[in-house]
Amino acid sequence: MNIFYGTGVAMVTPFHADGQIDYNGLRNLIEHLIDGGVEYLVSLGTTGESATLSEAERKQVWAFTAEVVNKRVGLVAGIGGNNTHEVVEQIKSFDTEGYDAILSASPHYNKPTQEGIYQHYRAIAQNTKLPIILYNVPSRTGSTISAETTVRLAKEFKNIIGIKEASGNFDLFNQLMRDKPEDFLFISGDDPVTLPMMALGGVGAISVIGNALPRQLSDMVRLLLNNDYKGAHEAHFNLIEFTRLMFAEGSPAGVKTALKQLGICGDTVRLPLVQVSEKTADAIAVELKKQAPVAVKA
């Protein structure tokens, strides 16, 4: 599974001002990310605003993305939800052509027990041949995948290959890294703490800020994979303020603002999300010029 060592980017879904999907913007973004040296892309994770796309739109975005990527980098589809039966049906009907794995967040809102979370992922694992990356993001789902449940799933299902961890819980990380199978992938899903997570043994990141700064982010991740912590510290500290601004008024509104300033796509988001304030947009522009002064448009 070396394809998932390094930098993955949870891609935004570009929209026109009227809210319709901007496929030219999506093509621009894909080329920007591949040119930026990332190892793989995630289509329609949380950052892609998948919750506000229709089933037909999701299928169109997945197909378009696979066509444009054309196997030049790894490709992961975000497929999840809080209705296990519905998620399984989506996975059964998913066109896997061009895709290397599925990223699936723990069910939101229902607040299942650990046994419920285990049974949810068991059902998914039994209905796809694609590798599965678990996604633990309690701030969005309202529940946590415990280290014990993750290890249980990792040991029982060969196609559950890793976890995108965005809980921020280092006690959980410590237990997981101690007890997991050796080849089970521990992936940062939280940009501000990618460096310490990789210091624990993480193999990379699935990033939001990488949409705007793929080269800077992937360079930092490679330094960490090569155990060059001095170089990685410098890269990390250079990204701190930019990273803070990306989440200051919600994601992906912040990174879409940066992408607009880079001339890649617009900054439209679908309700209930809204665009960032003018004050934050101005601060992003200042910080972005420090990171990529040549690319930023006036």
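Residues numbered from 1 in each chain as written. Predicted model: local features only at pLDDT ≥ 70, side-chain atom pairs only at ≥ 80, totals over all residues. Heavy atoms only, no water.

**What to know about the sheet that holds strand E2 (residues 40–43)**
The pairing of strands in a sheet comes from backbone hydrogen bonds and takes either a parallel or an antiparallel form. Quick note on the threshold: Strand pairing requires that DSSP identify at least two bridges connecting the strands. In this text, helices come from DSSP runs of H or I with a minimum length of four residues, and strands from runs of E with a minimum of two, each type numbered from the N-terminal end. Under this scheme, a helix contributes an axis fitted over its contacting stretch, all axes are lines through C-alpha atoms, and angles between N-to-C directions fall in the 0 to 180 degree range. By definition, residues are in contact when any of their heavy atoms lie within 4.5 Å.
Strand order in the closed barrel made by the eight strands is E1-E2-E3-E4-E5-E6-E7-E8, with parallel pairing throughout. Across the sheet, the mean angle from the axis of one strand to that of its neighbour is 25°, orientation sign disregarded. Where strand E1 (residues 6–10) meets E2, three bridges bridge the pair, whose relative direction is parallel. Within E2, the position partnered with Val 9 by the bridge is Leu 41. Across the sheet, helix H7 (residues 170–179) touches strand E5 (132–136), strand E6 (160–165) and strand E7 (185–188), and the angle it forms with E6 is around 160°.

**What about the pairing of E7?**
Condition: The buried label goes to any residue with under 20% of its type's maximum accessible area, the exposed label to any with over 50%, and the partly exposed label to all in between, with areas taken from a 1.4 Å probe on protein chains only. Handedness of a crossover is defined as follows: with both strands directed away from the viewer, a clockwise route from the first strand across the helix to the second makes it right-handed.
The alternating pattern of E7 places Leu 185 and Ile 187 on one face and Phe 186 and Ser 188 on the opposite face, and all of these are buried. In this region the chain leaves E6, passes through H7 and returns to the parallel neighbour E7; the handedness of that crossover is right-handed. Regarding topology, helix H8 (residues 194–199) serves as the crossover connection from E7 to the parallel strand E8 (residues 204–207), and that connection is right-handed.

**Remarks on empty space enclosed by the protein**
We apply this condition: The rule is simple: put a 1 Å grid over the protein atoms alone, call a set of points where a 1.4 Å probe fits but cannot get out a cavity, call an open set with protein on both sides within 12 Å along at least five of seven lines a pocket, and count a residue as lining if it has an atom within 4 Å of a point. Grid points are joined across faces, edges and corners, and a volume is the space filled by probe spheres set on the points. Nonpolar residues are Ala, Val, Leu, Ile, Met, Phe, Trp, Tyr, Cys and Pro. Charged residues are Asp, Glu, Lys and Arg, and all others, Gly as well, are polar.
For the structure shown, the criterion picks out one cavity of 30 Å³ or more. Of the pockets and cavities examined, the largest cavity occupies roughly 40 Å³. Looking at the largest cavity, the residues that line it are Met 11, Val 12, Thr 13, Pro 14, Leu 26, Ser 43, Leu 44 and Val 61. Residues of the lining of the largest cavity, tallied by class, amount to six nonpolar, two polar and no charged.

**A short note on the nonpolar core**
Cut-off, in case you're wondering: The term nonpolar core refers to a set of buried residues drawn from Ala, Val, Leu, Ile, Met, Phe, Trp, Tyr and Cys, joined through side-chain atoms within 4.5 Å.
Leu 41 and Ile 160 are the most contacted members of the largest nonpolar core, which totals 76 residues. When neighbours within four sequence positions are excluded, Ile 160 is seen to be in contact with Tyr 121, Ala 125, Ile 132, Leu 134, Leu 153, Ala 154 and Phe 184. Judged by nonpolar contacts, the second largest core, of 16 residues, contains Val 76, Tyr 135, Val 137 and Ala 166.

**A short note on the layout of surface pockets**
Quantified by volume, the largest pocket comes out at close to 770 Å³. Of all elements in the fold, only helix H2 (55–69), helix H3 (84–93), strand E4 (101–105) and helix H5 (138–141) reach the threshold of two or more residues within the lining of the largest pocket. For the lining of the largest pocket, the class distribution of residues is 13 nonpolar, 14 polar and six charged.

**A few points about the UniProt feature "site: Part of a proton relay during catalysis" (unreviewed entry) in the chain**
Going by this rule: UniProt positions are given in the numbering used here, feature names are shortened, and annotations may be inferred rather than shown by experiment.
Look at the UniProt record and you will see "site: Part of a proton relay during catalysis" (unreviewed entry) annotated at Thr 46 and Tyr 109. Those annotated residues that line the largest pocket are Thr 46. For Thr 46, a relative accessible area of 31% puts it in the partly exposed group. Thr 46 has contacts with Tyr 135 and Arg 140, leaving out every residue within four places of it along the chain. For Tyr 109, the location among the structural elements is in the loop between E4 and helix H4 (114–125). Taking relative accessible area as the criterion, Tyr 109 reaches 71% and is therefore assigned exposed. In this view, Tyr 109 contacts Asn 82 and Thr 141; residues no more than four positions away in its chain are not counted.

**Considering the UniProt feature "binding site: pyruvate" (unreviewed entry) in the chain**
The sites that carry the UniProt feature "binding site: pyruvate" (unreviewed entry) are, in the present numbering, Thr 47 and Ile 206. Considering the C-alpha atoms alone, the annotated residues occupy 160 residues of sequence yet fold into one spot, their largest mutual distance being 10.6 Å. Position of Thr 47 among the secondary structure elements: in the loop between E2 and H2. Note on Thr 47: relative accessible area 7%, which makes it buried. Summarising the element assignment, Ile 206 is placed in strand E8. Setting aside residues up to four positions removed in sequence, Ile 206 forms contacts with Gly 8, Ala 10, Tyr 40, Val 42, Lys 164, Ile 187, Ser 188 and Gly 189.

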